[in-house]
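# Understanding the architecture of this molecule
Residue strings, one per chain:
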Amino acid sequence: MLAHLAAGIGAGLAVIGGAYGIGRIAEGAMHGTARQPSASGDIRTSMIIAAALIEGVTLFAEVVCILMALK
Amino acid sequence: MVEHVAEVGKSVGEKVKDMILHHITNGWDWELPSSEWATPVHLDPDMWRFELIGIDINLSISRHVIMMIIAAGLLVLMGLLVRRKVALIPKGFASVVEGFVLFIRNEIAIPTMGEQASRKYTSFLCTTFFFILTCNLLGLVPYGSTATGNISVTAGLAFMAFLTIQFAGMRKMGFFGYFGHLVPHGVPWWLAPVMVIVELLGIFAKPFALCVRLFANMTAGHVVMLSLIGLIFVMGAAISPVTVGFGIFMYVLEIFVAFLQAYIFTMLTSLFIGLLVATEH
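Residues numbered from 1 in each chain as written. Chains lettered and ligands numbered in written order. Predicted model: local features only at pLDDT ≥ 70, side-chain atom pairs only at ≥ 80, totals over all residues.

### Observations concerning the overall build of chain B
Selection rule: The secondary structure listing takes helices from DSSP runs of H or I that are at least 4 residues long and strands from runs of E that are at least 2 residues long, numbered from the N terminus. Buried, partly exposed and exposed are defined by the number of other C-beta atoms within 10 Å of a residue's own C-beta, namely 20 or more, between the two limits, and 12 or fewer respectively, with C-beta atoms placed from the backbone.
Each helix and strand counted, chain B has seven helices and four strands in total. When the helices and strands of chain B are placed in sequence order, the string is α-β-β-β-β-α-α-α-α-α-α. A principal-axis box enclosing the C-alpha atoms of chain B has dimensions of 70 × 55 × 40 Å. Burial analysis of chain B (281 residues in total) assigns 27% to the buried set.

Set out below in structure tokens:
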């Protein structure tokens, strides 16, 4: 029962970190595109790559939480 | 779905959990569409199962293996269809395939690896990209399951990427020069042992991250979708408009994630190869 509780709390905390990081990336991308609209293609590509990397780390934590919940 | 978990005496929540686990993990039933919604084809879990140094290795054909075979067959079919139409300006289906291959070569291979190396490794990157993409998308059609949602499959793909990265480095720098590359230039002598350990860990951590990232992204999407549909069984039919609407949104997001994860895997593999193969400035 404690494992389920821990899994839930862990999943929530992991999402906080991941969403904050991806929000910061999006903010930087918006600023960069606003300053120089002609670079929006490069900025979009870098934003997607960075967001996928951060999401990878977030999903590590989610996988651990799933393992905890299923035991 | 309900017929899978037709045991009596279990609460609804447990049955939903069984249903989710059944759809995500590998199994030895392959469901085919039929007049009764789905008939399972029972596969044999002991077909090619043997023991090797005390480890139980099971190579028998299971559901995910069949999905991978279908994906490989589709890719071979794609290659055969495109073969005759390769020209300066291809027409029809060949132009779609050429669009993808040119995207991989111009946007992924050449910026990270340079012109010469991209000629050697573009075919590997194309294979990786198309195979991962096809496996991801096959998991989204009805009666299909995601082969890349199995950690063994993604571990195999990451292992192939690992071998290619090391092979690229050793081919470029020589077998022993490659280990000399572990300590970059301009590092003070007392820091070198720490750098060697960190770089060695990095060599193994990066493909491991590739493996877990792909596995977790594919599995997470499916778990959310199945949980939403299972919610209808738990909470009654009144919630179904909200659930199905949100489920459709998640479905479209999963298609986007399928493309994105294939792109990210290929891009990171290319980046790691490019770090080792880049010519010194």
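### Overview of the overall build of chain A
Test applied: By the convention adopted here, residues are in contact when the distance between their C-beta atoms, placed from the backbone, does not exceed 7 Å.
When its secondary structure is counted, chain A shows two helices and zero strands. By its C-alpha atoms, chain A is 55 × 15 × 10 Å across when sized along the principal axes. Here chain A holds 71 residues, and 10% of them are scored as buried. Once local pairs closer than 6 in sequence are excluded, the contacts in chain A between residues at least 24 apart make up 77%.

### Some points on the interface of chain B and chain A
It is common to give the size of an interface as the accessible area that goes away when the parts come together. Here is the rule: The classification used treats Ala, Val, Leu, Ile, Met, Phe, Trp, Tyr, Cys and Pro as nonpolar, Asp, Glu, Lys and Arg as charged, and all other residues, Gly among them, as polar.
Across the boundary between the two partners, chain B contributes nine residues, which contact eight residues of chain A. Elements that contribute at least two residues to the side of chain B that touches chain A include exactly helix H6 (192-235) and helix H7 (240-277) of chain B. Tallying contributions element by element places H6 of chain B first for the side of chain B that touches chain A, with six residues. When grouped by side-chain class, the residues that make up the side of chain B that touches chain A number seven nonpolar, one polar and one charged.

### Things to note about the nonpolar core
Note on soluble globular proteins: their nonpolar side chains tend to be buried together. Filter applied, for reference: Take the buried Ala, Val, Leu, Ile, Met, Phe, Trp, Tyr and Cys residues, join any whose C-beta atoms are within 7 Å, and the set you get is a nonpolar core.
One finds Phe129, Ile132, Cys135 and Ile273 of chain B to be the most contacted residues of the largest nonpolar core, which totals 45 residues. When residues of this core are traced back to their parent elements, those giving at least two are helix H2 (40-70) of chain A together with helix H2 (63-82), helix H3 (93-138), helix H4 (151-173), H6 and H7 of chain B. The contact partners of Cys135 of chain B, leaving out residues within four places of it in the chain, are Met67, Met68, Ala71, Thr146, Ala147 and Thr148 of chain B.

### A few points about H6 of chain B
All names here are of chain B. The condition that has to hold: Expected helix span is computed as 1.5 Å times (number of residues minus one). The bend at a residue is defined as the angle formed between two axes, one fitted to the seven residues ending at that residue and one fitted to the seven starting there.
Between its first and last C-alpha, H6 extends 60 Å over 44 residues, near the 64 Å set by a 1.5 Å rise per residue. In H6, a bend of some 25 degrees at Ile203 exceeds every other bend along the element, and Pro207, a proline, comes one to four places later. Looking at the residues trailing H6, positive phi occurs at Gly236, about 95 degrees.

### Considerations on the domain arrangement of chain B
Residues and elements named next belong to chain B. To be explicit about the condition: Just so you know, the domain bounds were taken from an automatic or database domain assignment.
Once the domains are mapped, chain B shows domain 1 (2-27 + 62-172 + 206-277) and domain 2 (29-61). Centre-to-centre, using C-alpha coordinates, domain 1 lies 22 Å away from domain 2. Each side of the interface is counted separately: domain 1 has six residues, and domain 2 has nine residues. Across the side of domain 1 that touches domain 2, the residue classes break down as three nonpolar, two polar and one charged.

### Some points on the packing of helix H1 (residues 12-24) of chain B against H6 of chain B
Residue and element names in this part refer to chain B. Here is the rule: In this description, a line fitted to the C-alpha atoms serves as the axis of each element, helices being fitted only across the stretch in contact, and the angle between N-to-C directions of two axes falls anywhere from 0 to 180 degrees. Angle categories: roughly parallel below 35 degrees, roughly antiparallel above 145, roughly perpendicular from 65 to 115, and oblique for all the rest. Handedness of a helix crossing follows the sense of rotation of the near helix relative to the far helix, less than a right angle counterclockwise being left-handed and clockwise being right-handed.
Between H1 and H6, whose axes approach to 10 Å, the crossing angle comes to 150 degrees. In terms of axis orientation, H1 runs roughly antiparallel to H6. When you trace H1 past H6, the crossing you get is right-handed. Between H1 and H6, the residues in contact are Val12, Gly13, Val16, Met19, Ile20, His23 and Ile24 and Thr219, His222, Val223, Leu226, Ser227, Gly230, Phe233 and Val234, respectively. For the contact of H1 with H6, a count of residues per class yields nine nonpolar, six polar and no charged.

### Examining the pairing of strand S4 (residues 55-58) of chain B
All names here are of chain B. Let me state the cut-off plainly: In this scheme, strands are said to pair when DSSP sees at least two bridges between them.
Two strands pair when backbone bridges link them, and strand S3 (residues 49-52) and S4 are joined in this way by four bridges, in the antiparallel orientation. By the bridge assignment for S4, Glu51 is matched with Asp56. Here S3 folds back onto S4, and the loop between the two strands holds two residues, one of which, Ile53, carries a positive phi near 50 degrees.

### What about H3 of chain B?
The end-to-end C-alpha distance of H3 of chain B, which contains 46 residues, comes to just 19 Å, noticeably less than the 68 Å that a straight helix rising 1.5 Å per residue would cover. For H3 of chain B, the principal kink sits at Gly114 of chain B and spans about 125 degrees.

### Examining the confidence of the model for chain B
Quick reminder of the rule: Each residue carries a pLDDT value, the predictor's own confidence for that position, ranging from 0 to 100.
Mean pLDDT over chain B: 85, with 94% of residues reaching 70 or higher. Interface scoring of the predicted complex returns ipTM 0.81; its pTM is 0.87.

### Thoughts on the environment of Leu70 of chain A
Tracing the backbone shows Leu70 of chain A in helix H2. C-alpha separation for the pair Leu70 of chain A and His4 of chain A, spaced 66 residues apart in sequence, amounts to 8.2 Å.

### Section: unusual backbone geometry
Negative phi is the rule for most residues except glycine; trans is the rule for most peptide bonds. The phi dihedral of Tyr143 of chain B is positive, around 65 degrees, even though this residue is not glycine. Among the structural elements, Tyr143 of chain B can be located in the loop between H3 and H4.

### Topic: the packing of H2 of chain A against H7 of chain B
Relative placement of two packed helices is described by the angle separating their axes and the distance separating the axes. At a minimum axis separation of 11 Å, H2 of chain A and H7 of chain B run at an interaxial angle of 95 degrees. Considered as vectors, H2 of chain A and H7 of chain B are oriented roughly perpendicular to each other. Of H7 of chain B, the residues touching H2 of chain A (which contributes Ile48, Ile49 and Ala52 of chain A) are Leu260, Ile264 and Met267 of chain B. Tallied by class, the residues present in the contact of H2 of chain A with H7 of chain B amount to six nonpolar, no polar and no charged.

### Quick notes on the environment of Leu138 of chain B
Residues and elements named next belong to chain B. Here Leu138 is to be found in helix H3. For the pair formed by Leu138 and Val65, sequence separation is 73 residues and the distance between their alpha carbons is 12 Å. Here Leu138 is in contact with Met67, Ile70, Ala71 and Gly144, once residues within four sequence places are set aside.

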